[in-house]
Amino acid sequence: MSSPPLLSAGACGWHLDLRSHIMFSPTQFGGDAESGEFWRVTFQHEISHWVRYQTSSIGLLLTLLQRAQAITAQRAMSELSTSTRSMIVDRARRGEPIWTFDSGYNPSLAGEDFALMGQAWLDLELAYRILFDASKVPTPLRWSPDDAMSSAISDAWRAAACFPGMLPHPGNDIADHIYRGNVYLVAPGGVHLTTRSLWECASTLDEIRASATGADEEALAELRRMAGYKLQDPVYGGPWKVANEITHGINTVAMFLVAVHIATNPPLPYWDHTVTDLSWDDLYPPSRFMKVYKFLHDNRFFREFRTFQPDDYDDVIDAIIQGSGIKCASALGEDSMGLDLYPGVRQALVGDLNAVIKSGLFLRSAWAGHPSRFILPSKSEPIMTMPDSDESKRFHEVEAASHPPFLQFAGKQMGVGMLTDEQGHYYCIGAWSHNTLDQLIRGNPIGDHTYLLDDLRGFDEELQMFHDLFLADAVVSW
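Since this is a predicted model, take the numbers as computed values, not measurements.

Colleague: Whenever I open this one, the overall build of the protein confuses me. Can you help?
Modeller: Within the protein, the regular secondary structure consists of 19 helices and seven strands. A buried classification covers 55% of the 478 residues belonging to the protein. Of the roughly 19300 Å² of accessible surface on the protein, a fraction of 51% belongs to carbon and sulfur atoms.

Written out as structure tokens, the structure is:
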């Protein structure tokens, strides 16, 4: 990717790095009264990112695309002969990319099978970019985005099928044709909406929610002013501007957050057998967001929901879905994270992605029937350790799953209880492994470990270690 996929709190440096799903802050935990309030609302911004990503079907799909991409690359590399693999690795070490958008399908490099898997990898990469932040899509493209989406939706289904509760992959003849096409960008009034901008805008509004009360009114007023300034930015405030223009003054923060929730929860064929076809309008969050607000504009009776409370969210969401015809993902999830059960955190190459997927499914299950938990994420202090008592175990598991697995504040790392120390070790190895593979494929220097905790960066003899783990002849093909 030309730039890493981040969900950030703006220029202050706080961000959730979606290459590893680890949260980073240049600011120490806590501080004096003024810095403590800044820490509180900025932490709320990032925790809101994690919760919305984890509990949305589009967040699940993005992680499944990452997982499918890693496994596709591993399979392609492991099926090469030793001599051809050595040639490919040497080429990448010289900075020459293995698969590129410029060339696409390229059988001259290492044969047709390797080229086909390379095309599948590129399709997954392109689908991720389009769905997360279409401003990062390379232009011009040598093949159709619709073809890429069709292939990626099918491969993500294959990556999903091994998780409990997911429907089995029906075979390429069916899965390759679930998606019906018509990729287009959404830019009402010149404001380019993306999934990332919907999430950034929602989290910025959460900053305003978080700064609604407090002891130091002067500091809180400054925080609200900073959040208001951020809303002038197209990424952080563009969707809010569009929503306000559509509704002509009847918009509210609560309604906006409900719209983002509906927009980022399209039904997916992986867990809903009624989804037999999927159009871009069905899938793409910005398109779904515009449908919600068009419905609000066209139906004046929705003015009565300007002051609705969290207890009303079920009724409001049902009314929007029924009135607009927009379908939403079910609350399907898993009652336990089961991080050591296959596919678990210890699986080579993708163990970290397995943990992210499982914690998201667990959180959906734990919060089923309580839409306010999805729509209005609450901030709490990081949970450091898991409790011993059975009575409080589930509460702490839910709290842990509501935070990224690792947090790093000014170089000091914290675990939040989702992972044991041993599981955390495997988690970080997984994140390092598939990101190193991505860098190798792109012909980038593999020394970029900014997505990892500080004390895990700078691996010695990293390329040889990576080769031994994932590219040697003994590696089992997918």
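Colleague: Any chance you could explain helix α18 (residues 421-442) here in plain terms?
Modeller: Residues spaced three or four apart along an α-helix point in a common direction, a consequence of the helix completing one turn every 3.6 residues. Compared with the 32 Å implied by 1.5 Å per residue over 22 residues, the 32 Å span of α18 between its first and last C-alpha is a close match. Across the 22 residues that make up α18, a large majority, 16, are buried. Gly 443 sits one or two residues past α18 and shows a positive phi near 75°.

Colleague: How should I be thinking about helix α11 (residues 253-263) in this particular structure?
Modeller: Among the eleven residues in α11, nine count as buried, and that is most of the element. Taken together, the buried positions of α11 are Met 255, Phe 256, Leu 257, Val 258, Ala 259, Val 260, His 261, Ile 262 and Ala 263.

Colleague: Would you take a moment to explain the pairing of strand β6 (residues 406-409) for this structure?
Modeller: Two faces, one strand: in a regular strand the side chains alternate between the faces of the sheet. Here β6 shows no split at all, with Phe 406 and Gln 408 on one side and Leu 407 and Phe 409 on the other all buried. Here three bridges tie strand β3 (residues 22-25) to β6, and the two strands are oriented parallel to one another. When the sheet's bridge partners are listed, Phe 24 is paired in β6 with Gln 408. With four bridges connecting them, β6 and strand β7 (residues 412-415) associate as antiparallel partners. Across the sheet, residue Phe 409 finds its bridge partner in β7, namely Lys 412. Here β6 folds back onto β7 in antiparallel fashion, the turn holding two residues, of which Ala 410 has a positive phi close to 50°.

Colleague: What should I look at first to understand the packing of helix α2 (residues 57-78) against helix α15 (residues 351-367) in this one?
Modeller: To characterise two packed helices, one gives the angle between the axes of the helices and the distance between these axes. Where α2 meets α15, the closest approach of the two axes is 10 Å, and the angle between their N-to-C directions is 160°. Relative to α15, α2 is oriented roughly antiparallel. By crossing handedness, the relation of α2 to α15 is classed as left-handed. Each of Ser 57, Leu 60, Thr 63, Leu 64, Gln 66 and Arg 67 in α2 lies in contact with α15, whose residues at this interface are Leu 353, Asn 354, Val 356, Ile 357 and Arg 364. Of the residues assigned to the contact of α2 with α15, the class counts are five nonpolar, four polar and two charged.

Colleague: Just checking my understanding: could you explain unusual backbone geometry for this structure?
Modeller: Only a minority of non-glycine residues have a phi that is not negative, and only a minority of peptide bonds are not trans. The residue after Tyr 342, namely Pro 343, is reached through a cis peptide bond having omega -5°. Assignment of secondary structure puts Pro 343 in the loop between α14 (313-324) and α15. Even without glycine at this site, His 21 takes up a positive phi of about 60°. Tracing the backbone shows His 21 in the loop between β2 (15-17) and β3. Unlike most non-glycine residues, Asn 182 shows phi in positive territory, near 80°. Secondary-structure assignment places Asn 182 in the loop between β4 (179-181) and α8 (195-210).

Colleague: Would you take a moment to explain the packing of aromatic side chains for this structure?
Modeller: Each aromatic ring pair is summarised here by two numbers: the centre-to-centre distance and the angle between the ring planes. Here the structure, examined in full by the defined rule, presents 18 aromatic pairs. Each ring, one from Trp 39 and one from Phe 43, has its centre 4.7 Å from the other, and the planes form 20°; the classification is stacked. Taken together, the residues span about one helical turn, with Trp 39 and Phe 43 both in helix α1 (residues 33-54) at a distance of four residues. Here Trp 39 matches Phe 43 in class, with each residue buried. Chaining the aromatic ring pairs together yields one cluster made of Trp 14, Trp 39, Phe 43 and Phe 409.

Colleague: Would you take a moment to explain the nonpolar core for this structure?
Modeller: Among soluble globular proteins, nonpolar side chains are generally buried collectively. Grouped together as the largest cluster of nonpolar side chains are 139 residues, with contacts concentrated most on Leu 61, Leu 65, Leu 131, Phe 256, Tyr 270, Leu 283 and Phe 289. Per element, the largest residue contribution to this core is twelve residues, and it comes from α2. In contact with Phe 289, other than residues within four places in its own chain, are Leu 193, Leu 198, Pro 239, Ala 243, Phe 256, Ala 259, Val 260 and Ala 263.

Colleague: Please explain the side chain of Glu 200 as it appears in this structure.
Modeller: Position of Glu 200 relative to the elements: it lies in helix α8. At 2.8 Å, the side chain of Glu 200 forms a polar contact with the backbone nitrogen of Ser 8. Residues contacting Glu 200, with those up to four places away along its chain left out, are Leu 6, Leu 7, Ser 8, His 45, His 49, Val 235 and Tyr 236.

Colleague: I keep staring at the confidence of the model for the protein and nothing clicks. Help me out?
Modeller: Low pLDDT marks stretches whose predicted atomic positions should not be read closely. Per-residue confidence for the protein averages 87 on the pLDDT scale, and 88% of its residues sit at or above 70. The secondary-structure element of the protein with the lowest mean pLDDT is helix α19 (residues 462-471), recorded at 67, while β2 shows the highest, at 97.

Colleague: Can you help me understand the environment of Asp 133 in this one?
Modeller: Residue position: Asp 133 is located in helix α5 (residues 112-133). Of the residues examined, Asp 133 reaches a relative accessible area of 4% and is grouped as buried. The spatial distance from the C-alpha of Asp 133 to the C-alpha of Thr 195 is 6.2 Å, given a sequence separation of 62 residues. Not counting the four nearest positions on each side in its chain, Asp 133 is found in contact with Tyr 128, Thr 194 and Arg 196. Within the structure, the side chain of Asp 133 is placed 2.6 Å from the side chain of Ser 135, a separation counted as a polar contact.

Colleague: It is not clear to me how the pattern of salt bridges should be interpreted in this structure. Could you clarify?
Modeller: Pairing between side chains of opposite charge can happen when the charged atoms of each approach one another. Counted according to the given criterion, the structure contains 18 salt bridges. Residues Arg 52 and Asp 206 are paired through a salt bridge, measuring 2.5 Å at the closest nitrogen-oxygen approach. Of this pair, Arg 52 sits in helix α1 while Asp 206 sits in helix α8, and the two are 154 residues apart along the sequence. There is no split in this pair, since Arg 52 and Asp 206 are both buried. The residue Arg 394 makes a salt bridge to Asp 335 at a minimum N-O spacing of 3.2 Å. With Arg 394 in helix α17 (residues 390-401) and Asp 335 in the loop between α14 and α15, the pair connects residues that are 59 residues apart, well separated along the chain. Given a relative accessible area of 35%, Arg 394 falls into the partly exposed group. A relative accessible area of 52% places Asp 335 in the exposed class.

What counts and what doesn't
Sequence positions are assigned chain by chain, starting from 1 and proceeding in written order. Totals for whole chains, interfaces and linings use every residue, but because this is a predicted model, local features are given only for residues with pLDDT of at least 70 and side-chain atom pairs only at 80 or more, for both listing and counting. By convention in this description, side-chain values take in all heavy atoms of the structure and omit both hydrogens and water. Numbering goes from the N terminus for both helices and strands, where a helix is a DSSP run of H or I of at least four residues and a strand is a run of E of at least two. Only protein chains enter the area calculation, which uses a 1.4 Å probe; residues under 20% of their type maximum are buried, those over 50% are exposed, and those in between are partly exposed. Method for areas: the Shrake-Rupley scheme with a 1.4 Å probe, in which residue coverage is limited to the protein chains shown. Between the first and last residue of a helix there are one fewer steps than residues, each counted as 1.5 Å, and that sum is the expected span. Two strands form a pair only when DSSP identifies at least two bridges running between them. Only the stretch in contact is used when a helix axis is fitted, and all axes are lines through C-alpha atoms; the angle between N-to-C directions ranges over 0 to 180 degrees. Reported orientations rely on four angle classes, namely roughly parallel under 35 degrees, roughly antiparallel over 145, roughly perpendicular from 65 to 115, and oblique for the rest. Note: crossing handedness is left-handed where the near helix turns anticlockwise from the far helix by less than a right angle, and right-handed where it turns clockwise. By definition, residues are in contact when any of their heavy atoms lie within 4.5 Å. Residue polarity is assigned by list, with Asp, Glu, Lys and Arg as charged and Ala, Val, Leu, Ile, Met, Phe, Trp, Tyr, Cys and Pro as nonpolar; anything else, Gly included, falls into the polar class. Centres within 6.5 Å are what make two rings of Phe, Tyr or Trp a pair, Trp counting through its six-membered ring; a difference in plane orientation under 30 degrees is then read as stacked, over 60 as edge-to-face, and the rest as tilted. By nonpolar core is meant a set of buried Ala, Val, Leu, Ile, Met, Phe, Trp, Tyr and Cys residues that side-chain atoms within 4.5 Å join together. Pairing of N or O atoms within 3.5 Å defines a polar contact, subject to two protein rules: one partner must be a possible hydrogen donor and the other a possible acceptor, and residues neighboring in sequence count only if both atoms are side-chain atoms. In predicted models, pLDDT denotes the confidence assigned by the predictor to each residue on a 0 to 100 scale. Think of a salt bridge as a Lys or Arg side-chain nitrogen and an Asp or Glu carboxyl oxygen that are within 4 Å of each other.

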